[in-house]
Structures are given as C-alpha cells and as structure tokens.
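For reference, the chains in residue letters:
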Amino acid sequence: MSTIEQSYLVGLIGEGVEPSLSPALHEAAADAHGLRYVYRPVDLLTLGRDATAVGDLLRAGRDLGFNAFNITHPCKQVVIDQLDSLSDHARRLGAVNTVLIRDGRFHGENTDFSGFGFALRTGLPDATLDSVVQLGAGGAGSAVAYALLDAGACHLALVDTDATRCADRATALAGHFPHASVTAHGPDEVPGLLAAADGLLNATPIGMHQHPGLPLDTAALQARHWVADVIYRPVDTELIRTAAALGCRTLDGGHMAVGQAVGAFAHITGIEPDATAMRAHFLDLIGQGL
C-alpha cells in the first residue's frame, strides 16, 4: 500500500487535551499531502482516569486500529513502562511524547527536544550558544536543556527554585554531554549569570495565561542577548515583548510547538510537512483564540 492510500488514526492522551491545537495542525498538514488522517484527543479528565490508565488506552487504541498517539502531561514518564522500544533520545530523557504502533508493538519517541532544536534552527539561526541561562529544570526544562546541549551549547546554567531537582538535572545532562559544562543555580544568581551569557531561555510556567508576569528581573537583559520562551499561550509572553523592546532577538514558544508537531507528523507518516505553512496555521489558530 502506498503512502497516499494509507489512512491514519491518531490520538492525544493526557489531561485537559480537548482544547489542543494538535488535531487541527496534524489534519491540515495531512490534507496538504492528500492523506486521510483523523486526530482525536483522549482526555483523561473527561474519562475520569489518571495517568496509570495510559497503558490500557494504548492497548485499546491498538485493537481499534490507531496508528499512533501523542502523549502529554501527566503520562510522559508513566508511559515508558508500557512500551516495547524507545529511541535513544527518549531513553536518555526518560520521557515520551509520541508512541508509534507498528505490527502491534509500541515504540516511543520524543519530539519535545527535537521540537526545540527545530525552533532554534529556524527561529534563531546562528544564535551563539557558548553560554546559555535556562530558567526552569522541570519536565519541559529537561527536554529543552537537552536540545540546547545537542545543538552545541558549551555552558548551560540551569536555574530553578528546587535546588535538588536542579542539581540532579544538571548531573544527568552533564553525563549525556561530557563536552559541555552544565551547572545548577538559584534564582538570585541570574543577574550575574546573564552578564556572561549569550542567551536566556524560559522553561518555567511564568508567562502563561494562568501564571502571568515575568520569570526574572529583566534589568540584567541587554540587546546583545537572545531570549527564548517555551510558552505559546500567549505566544507573545511578557518576557518576549519586553526582550523585543530591549532590542533582543527573540524566539516565541510557538516555534517549539510547531517543531513538535512537525516531528510527530513525520514519525507517524514518514512525510516531512511544510513547517512554514504549519507555523502560519498555528498563528492563525492562536489569533482566533483557539
């Protein structure tokens, strides 16, 4: 069967996923390639289930003919024990956000890290990565820190309010990237760190609609810095707006969101979608308040 004749049934498992933009992005990309492709959210809150149900949902999906699932909070780590194989990157990260179903077996991939790598390449080409300060060392922080190091960052300063988590994350990342220096810091150290840094990445929730505001005192930011955010709702966070007004090069979280979708779609179909068209569609959906 050729790719054009193949049909795809894809789901998204997680909490609060019914408003996700992923169905619209994936289905529009499929339409552009003449593919029959249906993408449906599987919301744990609607089902009254918790993260431990992910294995049962995967197996039910396989039996019903699903080709793949995207996986989001709170299942990215829990799902690993339900899989038959993992990509090297997913294994190192200890997190999966895409499960492919092939010959009845489950294979895990991670397009969170590759999505941010895509964002860097397309949204901040030629950004200097000698020294980067990253705010937030949680789940999203792990993936983007990995992406920064994979892209060639020489020194990565992780900053988090949880000192133990930050130190553990720095140690784990340093083990995967022995060429780089990865250090753990508290929020009070940010001004000094920025003085020697090329760029700043926000991987905290501060800036989301539910958590408005700035994740740091921006007095230490200078026009020479590049500034990136992983938040895409809103896409123009207060950090991105403030940095742009200072003359910084900026990278909004929408670039990573599109990169995640591009990677997942390519894994599922074997076809690389038009990232420029997907970015335009993404911005249109955000502009509509979706």
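Refer to the preceding data block for the structure.
Residues numbered from 1 in each chain as written. Predicted model: local features only at pLDDT ≥ 70, side-chain atom pairs only at ≥ 80, totals over all residues. Heavy atoms only, no water.

Chemist: Lay out the overall build of the protein in plain terms, naming residues and giving numbers.
Modeler: Within the protein, the secondary structure is distributed over eleven helices and twelve strands. A compact globule built from 290 residues should have a C-alpha radius of gyration of about 19 Å, and the protein, at 19 Å, falls within 12% of that. By principal-axis analysis of the C-alpha atoms, the protein measures approximately 55 × 35 × 35 Å. A burial count over the protein gives 52% of its 290 residues as buried. Taking as baseline every contact in the protein between residues at least 6 positions apart, the subset at least 24 positions apart corresponds to 68%. Within the structure as shown, the protein displays about 12600 Å² of accessible surface, and the carbon and sulfur contribution to it stands at 52%. The average position of the 18 basic charges and that of the 32 acidic charges among the side chains of the protein differ by 4 Å. (Helix = DSSP H or I, 4+ residues; strand = E, 2+ residues; numbered from the N terminus. Rg over C-alpha atoms; globule rule 2.2 N^0.38 Å. Buried < 20%, exposed > 50% of the residue type's maximum accessible area, 1.4 Å probe, protein only. Contact = heavy atoms within 4.5 Å. Areas by Shrake-Rupley, 256 points an atom, 1.4 Å probe, with all protein chains shown as cover. Lys, Arg positive; Asp, Glu negative; His and termini not counted. Charge placed at Lys NZ, Arg CZ, Asp CG, Glu CD.)

Chemist: So what's going on with the packing of aromatic side chains? Residues and values would help.
Modeler: What describes a pair of aromatic rings is the distance from one ring centre to the other and the angle between the planes of the rings. If you walk through the whole model with that rule in mind, you get six aromatic pairs. Aromatic side chains Y37 and F265 sit 5.4 Å apart centroid to centroid with 25 degrees between the ring planes, which places their arrangement in the stacked category. Placement of the pair is Y37 in strand β2 (residues 36-43) and F265 in helix α10 (residues 254-269), with a sequence separation of 228 residues. As far as the burial class goes, Y37 and F265 line up, both buried. For the ring pair F113 and Y146, a centre distance of 5.2 Å and an interplane angle of 80 degrees mean the geometry is edge-to-face. With F113 in helix α5 (residues 111-123) and Y146 in helix α6 (residues 139-150), this residue pair connects regions lying 33 residues apart in the sequence. Among the aromatic side chains, those forming a connected cluster through ring pairs are Y8, Y37 and F265. (Phe/Tyr/Trp six-rings, centres within 6.5 Å; stacked < 30°, edge-to-face > 60°.)

Chemist: I'd love a proper account of the nonpolar core, names of residues and values included.
Modeler: Within soluble globular proteins, side chains that are nonpolar generally end up buried alongside one another. Counting residues in hydrophobic clusters, the biggest one holds 32 residues, and the most contacted among them are F116, L148, L149, L158 and W226. The set of elements that each furnish at least two residues to this core consists of α5, α6, β8 (155-159), α7 (163-176) and β11 (226-229). Here this core gets seven residues from one element, more than from any other, and that element is α6. With residues up to four places along the chain from it excluded, the contact list for L148 reads F116, L120, L129, V132, Q134, A153, L156, L201 and W226. Residues L12, V17, A30 and I268 belong to the second largest nonpolar core, which totals 27 residues. (Core = buried A, V, L, I, M, F, W, Y, C linked by side-chain atoms within 4.5 Å.)

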